[in-house]
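Each chain, written out:
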Amino acid sequence: MDLTYTEGEEAFRARLRQWLAASLPELPPRPDPLDWPARRAYDTAWQRMLYDAGYAGLHWPEAAGGRGATPTQHLIYLEETEKAGAPYVGANFVGLLHAGPTIAAEGTPEQRARWLPPVLRGDEIWCQGFSEPDAGSDLAALRTRAIRDGDDYVVTGSKIWTSHAEVADWCELLVRTDPEAPKHRGITWLALPMDAPGVTVRPLRTLAGSTEFAEVFLDEVRVPAANRVGAENDGWRVTMVTLSFERGTAFVGEVVACRRTLGELAAVARETGRWDDGTVRRQLGWLNAEFTALWRLTQWNVSESERTGGVPGTGGSVFKLRYSHARQELYDTAARVLGPDSLDLDRDWTLDKLSSLSYTIAAGTSQIQRNIVAERILGLPKGR
């Protein structure tokens, strides 16, 4: 991994900084973080600005509508947009970082032409329909059933923790198409239109008051077989592609955000006198080393994914495991620095603290990540 920047890469950074400086003042005020319809409008408007400027899908292959940027250019983009305080993907999260890359890697030319341009333009939002009430960490135990009927699948079942379902146009949906097959082999990946008859969305309110997750109920919903990505019953393999993006590169921008938050936290500690506490200084120093190491691991994972055809490998599980806990430790430290002010729900850091509690569960629990690291990287025998 080469951590130096070429003259061309520095020129790319300079152009991006110039565009951000000119474009960010044109954005309207950020909406209430709990108002997801308003957040959808805000996030998709920003995505359209990126598209018009040529920065949408920067690292996607050109065949998928992206710019085919190098991993280093992608990391420069993430660094500079975060430093400038630009919006992150927000409601576009699943489409840009999960479903879109999966379709780019596994979809047919027709599927790529249908679904990828609207994602890049910000015209359509995707949600993720993977987890079920009785199939959380054990995703392969899912029971939502899809029966082939002519040119359609008829889908019945339910999903939970469906990210952004209340504002989504499409859902990356996992269904069971062969109940007699071993549980990992009877799954199929479908693109579900959220306005199809029989789809019911029931928002779930989080501890922070947001409704970014929902239950989704499917009552004999007809999904065209043309919406199947990959072969029937090959959905588990396609899902591993999706999860490799979710664990390997989807959190990249958040590492930069955490490093910025850490710097702000150190400044608050100095202003309030908490810096005089040696325990606080040691914790802040340890977190600085932790997030620096995570950024280096991010660079390695992104570079490795480029060498292996653009799909992240199992190194993403190492990153996701450590990042989830480091994020929680960052906001635990913020609570010690802020004291009683950390209970103020109007502070961004307080909401981020509540949000951080979910990171050891989302995108595969820490227990699942440890199993992947043990079995697929270290070569340890499977547990009994």
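You'll find the structure just up there.
Residues numbered from 1 in each chain as written. Predicted model: local features only at pLDDT ≥ 70, side-chain atom pairs only at ≥ 80, totals over all residues. Heavy atoms only, no water.

Novice: Tell me what's going on with the pairing of strand β3 (residues 152-159), and back it up with residues and numbers.
Specialist: Along a regular strand, successive side chains alternate from one face of the sheet to the other. When strand β2 (residues 145-149) meets β3, the two strands line up antiparallel, connected through 5 bridges. Bridging across to β3, Ala146 finds its partner in Val155. Between the end of β2 and the start of β3, which pair antiparallel, lie 2 residues, with Gly150 showing a positive phi angle near 65°. With 7 bridges connecting them, β3 and strand β7 (residues 213-224) associate as antiparallel partners. Across the sheet, the residue bridging to Ser158 is Phe217, located in β7. (Pairing = 2+ DSSP bridges. Helix = DSSP H or I, 4+ residues; strand = E, 2+ residues; numbered from the N terminus.)

Novice: Run through helix α5 (residues 109-121), naming residues and quoting values.
Specialist: Counting along an α-helix, one turn takes 3.6 residues, and residues three or four places apart therefore face a common direction. Helix length check: α5, at 13 residues, gives a terminal C-alpha distance of 18 Å against a target of 18 Å (1.5 Å per residue), a fit within 8%. The sharpest bend along α5 reaches about 25° and sits at Trp115, with the proline Pro117 one to four residues further on. Inspection of α5 places Gln111, Trp115, Leu116, Pro118, Val119 and Leu120 among the buried residues, and these make up the whole buried set. Along its buried surface, α5 packs onto α2 (36-53), α4 (93-106), β1 (126-129), β4 (170-176), β5 (187-193) and β8 (228-229). Just beyond α5, the residue with positive phi is Gly122, at close to 85°. (Expected span 1.5 Å × (residues − 1). Bend = angle between axes of the 7 residues up to and from the residue. Buried < 20%, exposed > 50% of the residue type's maximum accessible area, 1.4 Å probe, protein only. Contact = heavy atoms within 4.5 Å.)

Novice: How would you sum up the environment of Leu338? Please name residues and give values.
Specialist: Relative to the elements of secondary structure, Leu338 occurs in helix α9 (residues 315-338). Sequence spacing of Leu338 and Leu265 is 73 residues, and the spatial spacing of their C-alpha atoms is 8.7 Å.

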